[in-house]
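# Chain and residue survey
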Amino acid sequence: MSTDASLFRFPQDGTFQTLLERNRTWAQRLSALRPTLFPTLGAGQSPQVLWIGCSDSRVPATSILDLLPGEVFVHRNIANVLPPNDLSSLSVIQYAVEVLKIIIVCGHTACGGVNAALANQQLGLLDTWLKNIRDVRQAHLEELEAIEDPVARSTRLAELNVCAGVDSLLKNSNVQHAITERGLEVHGVLLDVGSGLLREVKTDSKIQGSVYKLK
Ligand SMILES: [Zn+2]
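Values in this document were obtained by computation on a predicted structure and should not be read as measured data. All residue numbers refer to positions counted from 1 along the written sequence of the respective chain. Local features in this predicted model are restricted to residues of pLDDT 70 or higher, and side-chain atom pairs are both shown and tallied only at a pLDDT of 80 or more, whereas totals for entire chains, interfaces and linings draw on every residue. Think of the side-chain values as coming from all heavy atoms in the structure, minus any hydrogens and water.

### Notes on a nonpolar patch on the surface
Like charges are joined within 9 Å and nonpolar side chains (Val, Leu, Ile, Met, Phe, Trp, Tyr) within 5 Å, but only among residues with over 30% relative accessible area and no salt bridge; these make up the patches. We get accessible surface area from the Shrake-Rupley algorithm with a probe of 1.4 Å; when it comes to residues, only the shown protein chains can shield them. Salt bridges are identified by distance alone: a Lys or Arg side-chain nitrogen within 4 Å of an Asp or Glu carboxyl oxygen. A contiguous nonpolar patch, built from Phe10, Phe16, Leu19 and Leu20 and spanning about 380 Å² of accessible area, is present on the exposed surface. Runs of H or I in DSSP of at least four residues are treated as helices and runs of E of at least two as strands, each being numbered from the N terminus. Mapped onto the elements of the fold, Phe10 is located in the segment before helix 1 (16-33). Classification of Phe10 as partly exposed rests on a relative accessible area of 39%. With a 1.4 Å probe rolled over the protein chains alone, any residue whose accessible area is under 20% of its type maximum counts as buried; one over 50% counts as exposed, and the rest are partly exposed.

Laid out in structure tokens, this is it:
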């Protein structure tokens, strides 16, 4: 498949200086459109949404939601995994449960992390991280192996990984408390990188909170 290079704004011969120039042009353009935006952001942030997504370059949270700087608090890692002992994501989640309104866990089609977890090839350090997704694969092995099309199988594991992320959030007592006390919402979505469209992933979570809700 040929790629239309003119679609992309960072040229093949682009440099670090190109990036700085692009940044200046972007800031000037946005300031002209919304003169109060940067002065407001300079005084602080008040996002309402936490986005937990993959590091993949095709999954930029603020762009996908058509929002502006200051509107989305973002945590990204390879294949949007939420291990229960990951200090980085737990710190982000703590901020979210205290302040934000909506948490979104976003997986995506054609995810390299998910595809690696579907293969049994040794990848070194990455295998420690991918174990989280391999655990999801193991838990749904029969269903996944019954899917013959590798693309469909990958998409299904990406969905199941989103469900695992939502479940992980719902097992967090601080999240449970925020859901009950101030209506925090937790949603799972899947991005089709081939269309740019999100669709909701119904997680069918059986976690109602009684076991994980602490006083
Ligand atoms: Zn990915």
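### Focus: the UniProt feature "binding site: Zn(2+)" (unreviewed entry) in the chain
Per the UniProt entry, the sites bearing "binding site: Zn(2+)" (unreviewed entry) are Cys54, Asp56, His108 and Cys111 in this numbering. Taken along the chain, the residues just named run across 58 residues; in space they keep tight, none of their C-alpha pairs more than 8.9 Å apart. The topology assignment puts Cys54 in strand 1 (residues 49-54). In this view, Cys54 contacts Val59, Arg76, Asn77, Ile78, Ala79, Asn80, Cys106, His108 and Cys111; residues no more than four positions away in its chain are not counted. Counting through the fold element by element, Asp56 comes out in the loop between strand 1 and helix 3 (61-64). The exposure class assigned to Asp56 is buried, which follows from its relative accessible area of 15%. In this structure Asp56 touches Arg76 and His108, once residues within four positions along its chain are discounted. UniProt positions are given in the numbering used here, feature names are shortened, and annotations may be inferred rather than shown by experiment. Contacts were defined at the residue level, with two residues in contact if any of their heavy atoms lie within 4.5 Å.

### Quick look at the side chain of Asn80
Tracing the sequence through the fold places Asn80 in the loop between strand 2 (72-77) and helix 4 (87-99). According to the relative accessible area criterion, Asn80 is buried, its value standing at 2%. In contact with Asn80, other than residues within four places in its own chain, are Ile52, Gly53, Cys54, Cys106, Gly107, Asn161 and Val162.

### Side note on the domain arrangement of the chain
Per the annotation, domain bounds derive from an automatic or database assignment of domains. What the domain assignment reports for the chain is domain 1 (8-44) and domain 2 (47-210). Distance from the C-alpha centre of domain 1 to the C-alpha centre of domain 2: 29 Å.

### What about helix 6 (residues 126-139)?
One less than the number of residues in a helix, times 1.5 Å, gives the span that helix is expected to have. The end-to-end C-alpha distance of helix 6 is 20 Å, a good match for the 20 Å that 14 residues give at a rise of 1.5 Å each. A residue's bend is given by the angle between axes fitted to the 7 residues ending at it and the 7 residues starting at it. Remark: the principal bend of helix 6, roughly 40°, maps to Asn132. Of the positions making up helix 6, those classed as buried are Asp127, Leu130, Ile133, Val136 and Arg137. On its buried face, helix 6 sits against helix 5 (112-118), helix 7 (141-145) and helix 8 (150-170).

### Regarding the pattern of salt bridges
The final tally for this structure, using the stated rule, is 7 salt bridges. Between Asp56 and Arg58 there is a salt bridge, with the nearest N and O atoms lying 2.7 Å from each other. Residue classification places Arg58 among the partly exposed residues on the basis of a relative accessible area of 39%. Between Glu159 and Arg156 there is a salt bridge, with the nearest N and O atoms lying 2.8 Å from each other. Residue Glu159 and its partner Arg156 are located together in helix 8, separated by 3 residues, close to a single helical turn. Ionic contacts of the salt-bridge type, sharing partners, join the residues Glu143, Arg156, Glu159 and Arg199 into one network.

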